[in-house]
Amino acid sequence: MARWCYRHRLVVLLLWVGALFGLGFAASTAGTDYANVFSLPNTDSKRAYDLMEKAFPDSAGDTDTVVWKVDEGTVRDESVRSRIQPALEEIGKMKGVGDVTNPYAGGQGAAQISSNGKIAYAQITFAEQANAVPKELVQDVVDTAQDAERGGLQVELGGQAIQRVQEPPTGLAEMVGILAAALVLFLAFGSLFAMLLPIGIAIFGVGTGLFSTQLLSHVTDVPDLAPLLATLIGLGVGIDYALFIVTRHRRGILRGADPEESAVTALNTSGRAVLFAGGTVCIALAGMLVTNLRFLDGVVIGTSLTVVFSVLAAVTLLPALLGLLGTRVLSRRQRRKLAADGPEPERSSGAAARWSANVQRRPRTIAALALVVMAILALPVLSLRLGATDQGNDDASTTTRKAYDLLAEGFGPGFNGPLQVVTSSGDTDTLVKGIGDTAGVARVAALPPAQGVTVIQVVPTTSPQSEKTDQLIDTLRDRVIPDAGAQAHVGGVTAVSKDFASITGDRLPYFIATIIGLGFLLLLVAFRSLVVPLTAALMNLIAAAASFGVLTAIFQWGWGLDLLGLGKEGPINAFLPVIMLSLLFGLSMDYQVFLVSRMHEEWVHTKDNARAVRVGLAETSRVINSAALIMVCVFLAFVLSGDSGAAMAGVGLAAAVALDAFILRTALVPAAMHLLGTSNWWLPAGLEKRLPHLAVEPKEEASEEAPAEGGASVVHGFIRTADGDPVEGAVVTLLSKGGRQLDRVTSLADGSYIVSVPAQGTYLLAATAASYGSRARHVVVEDGPLVYDVELAEGEVDAVN
């Protein structure tokens, strides 16, 4: 497939451009129909909502608030009223505004003025829900209300519709993320064209994924958070997958391969790993369905579609673009050097090779240090509290946060999150009195009944995010309502958030078990090992604990929130653990696959665990770290999105990816694999026979597996140090080019060895000894014995493809 795409590059490019613009045109014509469906079956808040919907079916529009405060006098003063009332009347006449309830109209308005007369509020009910209200109308409402301000009179606005107009421009976060990724890619590649390839693949993948999700929003419930999270994950994986393939392709050209053959080899090696990694991400995302929360179904659809399109772009569009560029994927300096000096030898050098050798020498120390760091970062997770953020967590400079604080100041902290006790039978008066006498209740009032349903408004003394408010809800449900003998349910936004957090917490263990189990099975089949998938599962749990520790310290404890400009501390969004764990398990599995697949390739060829781990880490750590740095840049850019949920997810995922790549995959995983030795690759014989074969690495060519015809012979020589001293006890292994072991001997006291060769042909000769680096070279045996001396150097890393 890679060769076909390479040779028919213009056709492939036109098909992708047509798909992107075709889907874009269809999506823009159809518009969006995102819907936030918080369906919590069998919960008390859902029963309360159902009763209210039956009694008040027409209260569908979004309700926002205008709040004003005076420094001197009261809000009843004519000087204040003459400025505020005309503004409210003008807002009431705007098309799209259904109703304005203000404190200057009728007796009911008195309740909208604080007890000290300094603060008052008016409620604006729009004809549509917040997402459907035109931004122009909302901006007109904000401007009209704030035009009434003067010295000593402060006017602020709060509500979902108001929040939409103070968000940064759409696409700002994505643009910043792409620019940061482009900078990292340019530093890694040194070539403008090579830098643009991963960016282009990500744009095609994310674009087609988002347009498809937008079209699907017309036939199924997709929350408005889905496209934001899809962009977040799509940009990260799209750039990373292309980076892995382009890196392999550039290495092939530098080794002297023809550009077409290099592209085909890159797709048949790294491209296979990309397909496998993309599948693991989708499986991890699909694990969200286990929670049975309808809100997350649309998130699964949007993010999975984007990942699928990103993988498709990487394995079809990328080889076509590589065909268009040819050798221009290399920098000018590399092309000049290649022309002047010829192909580079196959070797690993530099910081990655030195670090890999250090890990081999000190695995216990490095593993212990990595575990200590991760344990310290994970400590805050012990105080993790799930809940919901609201406008009280907005930045202090926003009008929504100021309105929230003014309402709390004038009417009490609980005013921003009133509870609704909905009753359909029983003695309402007794229930109201019982609620009023309950500790933690500031005010209680029963609204006029409708269709046999009475709604009792309960204002707590504490804020919506306070643990005491959660305790009050439990008290009302468990003691007050049963004592009154009423058939009632506690609802409202605060109660819904509490129930959502409870359900998420209850179902989280099943969800974690599902995605860990599926990931374990995939790695078991791919690498024919029990230990590798067990190690991966353990590392995923460590990464999750540490990343949630960082998230708790920042967003719940408030460490560094002012520095990031992310408002006020509060609980962690209840939906975030499920979404974050899905993405984290998927992405960490990517890095595990890219790291271990190279180790496994080396293990198959040499059966030397130390060499396999060292070479695998030396050759992949640089590209894994580059990929992780790109992901961190993309995720952190979503702090600029203006959406608290996306900002929280961005910071959490950036921390998770950084810890996973820079500490776990670069230090803890290889150190553990060195300590475990050959047991890394152990699989019971009975299980080996029953497992299906899933090739992450390409199949060896038959011609390479079978030696050429001819008589049997030997390879013999000496194993010596760089100073010419003999090396006794060195293990010398002869393998076919396909990795099948043919003979294995140990060198004698004088360093001599001899291995038998079945026939003429090309073989792989590997030599390794304690305290020395391994050497592996292809040898060509012709007619007669071959004399081949091997020189071992201390600490050398010599990687063979």
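Residues numbered from 1 in each chain as written. Predicted model: local features only at pLDDT ≥ 70, side-chain atom pairs only at ≥ 80, totals over all residues. Heavy atoms only, no water.

**Student:** Mind laying out the overall build of the chain, listing which residues take part and the relevant values?
**Tutor:** Looking only at helices and strands, one finds 25 helices and 18 strands in the chain. Burial analysis of the chain (801 residues in total) assigns 54% to the buried set. For the chain, the share of sequence-separated contacts (at least 6 apart) that also reach a separation of at least 24 residues comes to 77%. Accessible surface computed for the chain: about 33400 Å², of which carbon and sulfur atoms make up 57%. Here the chain contributes 60 positive and 76 negative side-chain charges, whose respective centroids are spaced 5 Å apart. (Helix = DSSP H or I, 4+ residues; strand = E, 2+ residues; numbered from the N terminus. Buried < 20%, exposed > 50% of the residue type's maximum accessible area, 1.4 Å probe, protein only. Contact = heavy atoms within 4.5 Å. Areas by Shrake-Rupley, 256 points an atom, 1.4 Å probe, with all protein chains shown as cover. Lys, Arg positive; Asp, Glu negative; His and termini not counted. Charge placed at Lys NZ, Arg CZ, Asp CG, Glu CD.)

**Student:** So what's going on with the pairing of strand β9 (residues 487-491)? Which residues, and what values?
**Tutor:** Most of β9 sits out of view: four of its five residues are buried. Taken together, the five bridges between strand β6 (residues 419-425) and β9 define a ladder with antiparallel strand orientation. Bridged to V421 within β9 is V490. (Pairing = 2+ DSSP bridges.)

**Student:** Would you mind going over the side chain of D44 in detail, with residue names and values included?
**Tutor:** Within the element layout of this structure, D44 appears in helix α3 (residues 44-55). Judged by relative accessible area, D44 falls into the buried class, the value being 15%. Leave out the neighbours within four places in its chain, and D44 touches R477, A488, H489, V490 and D499.

**Student:** Can you lay out the sheet that holds strand β15 (residues 761-768) for me, pointing to particular residues and giving the numbers?
**Tutor:** Strand order in the open sheet formed by four strands is β13-β12-β15-β16, and the pairing between neighbours is antiparallel. Looking along the sheet, the strands with just one partner apiece sit at the ends: β13 (741-746) and β16 (775-781). Across the sheet, the mean angle separating the axes of adjacent strands is 20° when strand polarity is ignored. Where strand β12 (residues 731-736) lies against β15, six bridges are found, and the strand directions are antiparallel. Counterpart to L734 in the pairing with β15 is L765. (Axes fitted to C-alpha atoms, helices over the stretch in contact; angles between N-to-C directions.)

**Student:** Now, about the packing of aromatic side chains: what can you tell me, with residues and values included?
**Tutor:** A complete count under the given rule lists eight aromatic pairs for this structure. Considering the side-chain rings of W16 and F204, the 6.3 Å spacing of their centres and the 85° angle between planes classify their relative orientation as edge-to-face. Highlighted residues: W16 in helix α2 (residues 9-30) and F204 in helix α8 (residues 192-216), separated in sequence by 188 residues. Across this residue pair, the class does not change: W16 and F204 are buried. A network of ring pairs unites the aromatic residues Y121, F411 and F415 as a single cluster. Taking NZ or CZ as reference, R328 lies 5.5 Å from the ring centre of F193, over its face. If you follow R720 out to its NZ or CZ, it ends over the ring of F718, 4.5 Å from the centre. (Phe/Tyr/Trp six-rings, centres within 6.5 Å; stacked < 30°, edge-to-face > 60°. Lys NZ or Arg CZ within 6 Å of the ring centre and 35° of its normal.)

**Student:** Would you mind going over the nonpolar core in detail, with residue names and values included?
**Tutor:** In terms of nonpolar packing, the biggest core is built from 156 residues, with M288, F555, I579, Y591 and F635 touching the most fellow members. Once residues within four sequence positions are removed from consideration, Y591 is found in contact with D240, F244, I624, A627, A628, M631, V657, D660, A661 and R665. By size, the runner-up hydrophobic cluster in this structure holds 30 residues, among which are V75, V133, A145 and A148. (Core = buried A, V, L, I, M, F, W, Y, C linked by side-chain atoms within 4.5 Å.)

**Student:** Give a description of the side chain of Q163 that names residues and reports values.
**Tutor:** One can find Q163 in helix α6 (residues 160-165). When its relative accessible area of 17% is taken as the criterion, Q163 is described as buried.

**Student:** For the pattern of salt bridges, give the residues involved together with the corresponding values.
**Tutor:** A complete count under the given rule lists 14 salt bridges for this structure. Measuring nitrogen to oxygen at the nearest pair gives 3.1 Å for the salt bridge that ties E409 to K69. You can see E409 sitting in helix α15 (residues 399-411) and its partner K69 sitting in strand β1 (residues 63-70), a full 340 residues away along the chain. Across the pair E619 and R598 runs a salt bridge, and its minimum N-O distance is 2.7 Å. Of this pair, E619 sits in helix α22 (residues 609-637) while R598 sits in helix α21 (residues 576-606); the two residues are 21 residues apart in sequence, bridging distant segments of the chain. With a relative accessible area of 13%, E619 lands in the buried category. Several salt bridges share partner residues, and in doing so they unite R3, R7, E260 and E261 into one network. (Salt bridge = Lys/Arg side-chain N within 4 Å of Asp/Glu carboxyl O.)

**Student:** Describe the sheet that holds β6, listing the residues and the values that go with them.
**Tutor:** Spatial strand order, β7-β8-β6-β9: four strands in an open sheet with antiparallel pairing. The open sheet has two edge strands, β7 (441-446) and β9, and neither has a second partner. Going from strand to strand, the sheet's axes swing by 20° on average, the running direction of each strand aside. Pairing geometry for β6 and strand β8 (residues 454-460), over five bridges, is antiparallel. Residue L419 lies in a different strand from β8, and its bridge partner there is V458. Lying on the sheet, helix α16 (residues 428-436) is in contact with β6, β7, β8 and β9; it crosses β8 at an angle near 5°.

**Student:** If you had to explain the pairing of β12 to someone new, which residues and values would you point to?
**Tutor:** Burial analysis of β12 places five of its six residues in the buried class, which makes it a mostly covered element. Both β12 and β13 contribute to a ladder of five bridges, which runs antiparallel. Across the sheet, residue V732 finds its bridge partner in β13, namely V745.

**Student:** Describe in detail a nonpolar patch on the surface, supporting the description with residues and values.
**Tutor:** Together, F186, L192, F193 and L196 give the surface a local cluster of nonpolar side chains, amounting to about 370 Å² of exposed area. Relative to the helices and strands, L196 is located in helix α8. (Patch = residues over 30% accessible without salt bridge, like charges linked within 9 Å, V, L, I, M, F, W, Y side chains within 5 Å.)

**Student:** Residue-level account of the confidence of the model for the chain, with values.
**Tutor:** When the pLDDT values of the chain are averaged, the result is 84; 92% of them are 70 or greater. Of all helices and strands in the chain, the one with the weakest mean pLDDT is helix α25 (residues 702-705) (39), whereas helix α14 (residues 363-378) scores best (95). Predicted confidence is poor over residues 700-709, with pLDDT under 50, and the contacts of this stretch with residues over four places away or in other chains come to 17 contacts. With pLDDT under 50 throughout, residues 797-801 is counted as low confidence; its partners more than four residues away or in other chains account for 30 contacts. (pLDDT = per-residue confidence, 0-100.)

**Student:** Go over a negative patch on the surface, please, and point to the residues and values.
**Tutor:** A grouping of E90, E136, D140, D143, D147 and E149 is seen on the molecular surface, where their side chains present a negatively charged patch. Element by element, the count of residues in the negative patch is highest for helix α5 (residues 135-146), at three residues. Classification of E149 by relative accessible area gives partly exposed; the value is 33%.

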